[in-house]
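Residue-level listing of the chains:
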Amino acid sequence: MLFLSLACLRMPAVNGSGTLGGTAGDLVRLVAMGHGRSRAELARLSGMAPSSVSLRVEELIDAGLLREDGEGASRGGRRPRQLRLHESAGVVVAADVGSHHVRMAVMDLAGRVLLTHELPGEIAEGPEAVTERLAGHVRLTLRQAQVSDLPLLGIGVGMPGPVDPASAKVVAPSRMPGWNDYPVRERLTELLGVRVVVENDANLMAVGEHRYGWPGRDNLMAVKAGTGIGCGIIASGRLHRGRGAAGDISHVPVHAAQRVTCSCGHSDCLEAHASGAALCRTLRAQGIEVSSTGRLVELVNNGVPEVTNLVRNAGRLAGQVLTPLVNFFNPDVVVLGGGLSAAEPFIAAVRGAIYERCLPLATRDLEIATTVTGQDACMLGAGSVVLDEVLTSNWVDETLTPRS
Ligand SMILES: [Zn+2]
């Protein structure tokens, strides 16, 4: 069982007196964040009277949203019991939709992964077919995790293309024919009747890595180098989306020996030279049939020189694009993930390029590392963002309303 820290959950707004508002939802959020482990802590942080907190906590326990567990630290007198989110209050589903697969997990409200599995699926089949199959996968995954009787509170979905944060539509994706402007969120909500959060996969990789792999390293870049190339940014502990395109390094121009036209219409974008898809295409032109980034990495690990040289060159190009970004943003960590990050020559070349050209102050304390959460990074990020959304929504108050 994997525990995903919710310590980075958005904090409810603090009012003028330095305390929080006083709804049942605020109390649940404080428990989820690990700040409010007892009635006394909840009273102090929420600004509610201790008697009101006790009443609300009893309601939340009766409603099956909170439970008491073990004993907290004593400040003299009787030790308080610790409040926790009740695991059976509900579940969320996290889905990482890749070019050729869907990786899916069921998570409880405390962020624990109950079940993970990977299913085949071609993004190129188009939005309608993929979305319907995704809904079927969600139902199947819930049955397999034996949680079909628990409330499904939301679904987090990572897509391998740019996502407009306002509409949750995929916008001008490079390898997703037919997906431009498709209302993924609306369609999934229609099919499953729950809250759906849609986010770019590299952004989700950044969230997953930050929360699970590098908690406390609040300035992080996560590069997803797989079939395509993208990057997600955590700035001051939060996902930085900009207007939706932040971190998109795919279409940064690079200097390359041969001119290649990118899917965006411009010449010599990073993705056109250094993505898994681009490398497979180059090898095919040389008469070497390679069907996927995974197969490409196998050939590198088997020491095939043509493939190793190509992958090393891709790492050098990615490193050259990252160098000014590392100088500019000065992160604590650059995380390298996606299929190509399993090839050591790729990692070495990215590192080499960054250390060669970055300012000493930018690299002095910089960590350049492969993902801690590996192939689960985007999926864990998808779970995190949907849990955030559930716990900051009116769900708790709506759950309590019929009982009060
Ligand atoms: Zn391009």
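For the structure, check the block above.
Thresholds applied
- Residues numbered from 1 in each chain as written.
- Predicted model: local features only at pLDDT ≥ 70, side-chain atom pairs only at ≥ 80, totals over all residues.
- Heavy atoms only, no water.
- Donors = N, O, S within 2.8 Å, 3.2 Å for Na, K, Ca; no water.
- Tetrahedral: all angles 85-135°; square planar, octahedral: opposite > 155°, others 65-115°.
- Helix = DSSP H or I, 4+ residues; strand = E, 2+ residues; numbered from the N terminus.
- Buried < 20%, exposed > 50% of the residue type's maximum accessible area, 1.4 Å probe, protein only.
- Salt bridge = Lys/Arg side-chain N within 4 Å of Asp/Glu carboxyl O.

Protein ligation of the zinc ion involves His251 (ND1), Cys262 (SG), Cys264 (SG) and Cys269 (SG), the donor distances falling in the range 2.0 to 2.3 Å. Every donor counted, the four donor atoms about the zinc ion form angles of 103 to 118° at the centre, which fits tetrahedral coordination. Sequence spacing among the residues donating to the zinc ion works out to H-x10-C-x1-C-x4-C. Taken together, the positions of His251 in the loop between strand E11 (238–239) and helix H7 (270–274) and Cys262 in the loop between E11 and H7 put the pair 11 residues apart, joining distant regions of the chain. With relative accessibility at 33%, the residue His251 sits in the partly exposed group. A relative accessible area of 7% places Cys262 in the buried class.

Before going further, it helps to examine the pattern of salt bridges. Throughout the structure, instances matching the rule amount to 24 salt bridges. The shortest N-O distance in the salt bridge between Asp365 and Arg364 comes to 3.7 Å. For the pair Asp365 and Arg364, one class covers both residues: exposed. The network of salt bridges with shared partners includes Arg67, Asp69, Arg84, Glu87, Asp108 and Arg112.

Turning our attention to unusual backbone geometry. Both trends apply: most residues other than glycine have a negative phi, and most peptide bonds are in trans. Phi is positive for Asp181, which is not a glycine, with a value near 70°. Checked against the element boundaries, Asp181 lands in the loop between strand E7 (152–159) and helix H5 (184–192). Notably, Asn330 is not glycine yet its phi reads approximately 50°, a positive angle.

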